[in-house]
Amino acid sequence: MTASKILLLIIDGVGDRPCACLGNKTPLQAASLPNLDRLAREGICGIMDPIAPGIRAGSDTSHLSLLGYPPQKYYTGRGPLEAAGCGIKMEPGMIGFRANYATLDDNGMVIDRRAGRISDTTEISAAIKNGVDLLKYGVKIEFKPGTGHRAALSLKGKGLSPAVSTNDPKKNGVIPHVIVPEDESEAAKFTAEVCNEFVRQSTAILKNHPVNLARKAGGEMPANVVLIRGAGEMGVYEPFEEKHGLSGSVVASAALIAGIGSSVGLERIPVFPTTPLDEQVKIVCSELQKKDFVLFNVKNADEYGHDGKAVEKKEFLEEVDAAILPFLSLSDVMIAVCGDHSTPCSIKDHSADPVPLIIRGDGARIDSVTSYDEISCAAGGMCRILGGSLMPILLDLIDKTHKYGA
Ligand code: ZN
Ligand code: ZN
């Protein structure tokens, strides 16, 4: 028997280094993970360099690599992927930006880059989308809310360039920057002008918007300016189904990852950071009934790594372990468990340390590894592979590859 479907579970930032507060164990080593350990016992393990040894992968470039889209060829910046993840239909050539709402005081100074952690920007985002008019430049905009204070902007039109700076001053107590071209081209100059006009018009719309008047009246910070950054031109992605011969979905509460999935042609199944993990697992299981492939990204381990919180990271990994129990009884599914990069608590950032990998399903070999962590998996039968090899290996295990030669 050979499994015919693939579940790719990516625990964001799972890998780590020895943590003093965990007796020099990694959070994975210190955690009690009966379900992941069982997958390791029933499958074949290894470690993986998401892009290449020594390369500190971002979540975006890593996910592209793991899905079989070499980032060196496909990656055009975070903005367009984030925009796709917020639900904007990004077409090749469109310029995408990450955006966030912030608060300006009466003198135009940024006083809170998260607008008092505003939680729902649906109404003001719609007001911006409907109210900002850039047609005199021949440019159409899309603007969609993300989670919390986040949002995304796209520009569509002729003569646009991603080579523009940000208006985000990245700190409080200063006025937002004027957006400037980052190269000598006419397109960059034109795009910077368009962006500044977007900021002018959106700020005017936000100034006396009822949502902001109500926030002020209630003593909350108004969301009265949009800061945009991460400009990138939407690339051309060969559809996942054509490339790999598999229909697929992406289940990811992070807009960036959902956007990567939908950019390569996976169906984006909306889940949110507030969606309980076991709920997300149920959604994944039901997607696997309908599709050949599901990418499931679990957030938060990465955040704990960035915050240097080793104990919390360990406890979160235990929560993930408990939530994935239903995956153990999936039949006909080749399950791959890995991270997109390591986020060691000791450095509070991504590192190039390879991530531990399990592949388990009918047809896959079974090695002698019995626990899921960086060190145990390094002794596994998969040895050390590149992220770009993951899809070919999984496709081979479900009999979807063709013979090379006679
Ligand atoms: Zn990541
Ligand atoms: Zn990270």
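We now turn to the structure provided with this report. (Residues numbered from 1 in each chain as written. Chains lettered and ligands numbered in written order. Predicted model: local features only at pLDDT ≥ 70, side-chain atom pairs only at ≥ 80, totals over all residues. Heavy atoms only, no water.)

**Some details on the packing of helix α11 (residues 277-290) against helix α13 (residues 310-323)**
Point 1. At a closest axis distance of 9 Å, the pairing of α11 and α13 adopts a crossing angle of 40°. Comparing the axis directions of α11 and α13 gives the class oblique. The two elements α11 and α13 meet at a crossing, and its hand is right-handed. The residues of α13 that touch α11, namely those facing L277, D278 and V281, are F316, E319, V320 and A323.
Point 2. Across the contact of α11 with α13, the residue classes tally to five nonpolar, no polar and two charged. (Axes fitted to C-alpha atoms, helices over the stretch in contact; angles between N-to-C directions. Helix = DSSP H or I, 4+ residues; strand = E, 2+ residues; numbered from the N terminus. Parallel < 35°, antiparallel > 145°, perpendicular 65-115°, else oblique. Left-handed = near helix turned anticlockwise from the far one by under 90°. Contact = heavy atoms within 4.5 Å. Nonpolar A, V, L, I, M, F, W, Y, C, P; charged D, E, K, R; others polar.)

**Re the coordination of the zinc ion (ligand 2)**
Point 1. At 2.0 to 2.4 Å from the zinc ion (ligand 2) lie its protein donor atoms, namely D302 (OD), D302 (OD), H306 (NE2) and H350 (NE2).
Point 2. Classification of the site at the zinc ion (ligand 2) as irregular follows from its four donor atoms and the range of 56 to 144° in their angles at the metal.
Point 3. The sequence pattern describing where the donors of the zinc ion (ligand 2) fall on their chain is D-x3-H-x43-H.
Point 4. Distance-wise, the zinc ion (ligand 1) is placed 4.7 Å from the zinc ion (ligand 2). Here D302 is found in helix α12 (residues 301-307), whereas its partner H350 is found in the loop between β11 (333-338) and β12 (355-360), with 48 residues between them in sequence. (Donors = N, O, S within 2.8 Å, 3.2 Å for Na, K, Ca; no water. Tetrahedral: all angles 85-135°; square planar, octahedral: opposite > 155°, others 65-115°.)

**Digging into the coordination of the zinc ion (ligand 1)**
Point 1. The zinc ion (ligand 1) binds to the protein through D12 (OD), S59 (OG), D340 (OD) and H341 (NE2); the donor distances cover 1.9 to 2.0 Å.
Point 2. Coordination at the zinc ion (ligand 1) is tetrahedral, judged from the four donor atoms that bind it and the angles of 102 to 126° they form at the metal.

**Let's talk about unusual backbone geometry**
Note on backbone geometry: most residues besides glycine have negative phi, and most peptide bonds are trans.
Point 1. At A115, a residue that is not glycine, the phi angle is positive and equals roughly 50°.
Point 2. Taking relative accessible area as the criterion, A115 reaches 0% and is therefore assigned buried.
Point 3. With a phi close to 65°, D399 is a non-glycine residue in the positive phi region.
Point 4. Here D399 falls in the exposed class, since its relative accessible area comes to 60%. (Buried < 20%, exposed > 50% of the residue type's maximum accessible area, 1.4 Å probe, protein only.)

**Focus: the environment of N224**
Point 1. Its location among the elements puts N224 in the loop between α8 (210-217) and β7 (225-233).
Point 2. For N224, a relative accessible area of 12% puts it in the buried group.
Point 3. For N224 and V281, which are 57 residues apart along the polypeptide, the C-alpha to C-alpha distance reads 37 Å.
Point 4. Setting aside anything within four residues of it in sequence, one finds N224 in contact with A102, T103, L104, T203, L206 and N212.
Point 5. Separated by 2.7 Å, the side chain of N224 and the backbone nitrogen of L104 make a polar contact. (Polar contact = N/O pair within 3.5 Å; in protein donor to acceptor, adjacent residues only side chain to side chain.)

**Looking at a negative patch on the surface**
Point 1. The grouping of D307, E312, E315 and E319 at the surface amounts to a negative patch.
Point 2. Examining the composition of the negative patch, we find that three residues originate from one element, α13, more than from any other.
Point 3. In this structure, D307 sits in helix α12. (Patch = residues over 30% accessible without salt bridge, like charges linked within 9 Å, V, L, I, M, F, W, Y side chains within 5 Å. Areas by Shrake-Rupley, 256 points an atom, 1.4 Å probe, with all protein chains shown as cover. Salt bridge = Lys/Arg side-chain N within 4 Å of Asp/Glu carboxyl O. Lys, Arg positive; Asp, Glu negative; His and termini not counted. Charge placed at Lys NZ, Arg CZ, Asp CG, Glu CD.)

**Some remarks on a nonpolar patch on the surface**
Point 1. Judged by side-chain polarity, M109, I111, I175 and M221 come together as a nonpolar surface patch covering roughly 310 Å² of accessible area.
Point 2. Mapped onto the fold, M109 is located in the loop between β3 (95-104) and β4 (110-112).
Point 3. Relative accessible area serves as the criterion here: at 31%, M109 is assigned to the partly exposed category.

**Some points on the sheet that holds β12**
Point 1. Spatial ordering of the open sheet is given by β9-β8-β10-β1-β11-β12-β2-β13, a layout of eight strands whose pairing is mixed. Only two strands of the sheet have a single neighbouring strand rather than two, namely β9 (267-269) and β13 (383-386). On average, adjacent strands in this sheet sit at an angle of 25° to one another, irrespective of strand direction.
Point 2. Judged from the five bridges that link them, strand β2 (residues 44-49) and β12 form a sheet pairing that is antiparallel. By the bridge assignment for β12, M48 is matched with V355.
Point 3. Sheet strands in contact with α11 are β1 (5-11), β8 (248-252), β9, β10 (293-298) and β11, and its direction is about 170° off that of β10. (Pairing = 2+ DSSP bridges.)

Functional significance is not addressed by these values, which are geometric in nature.
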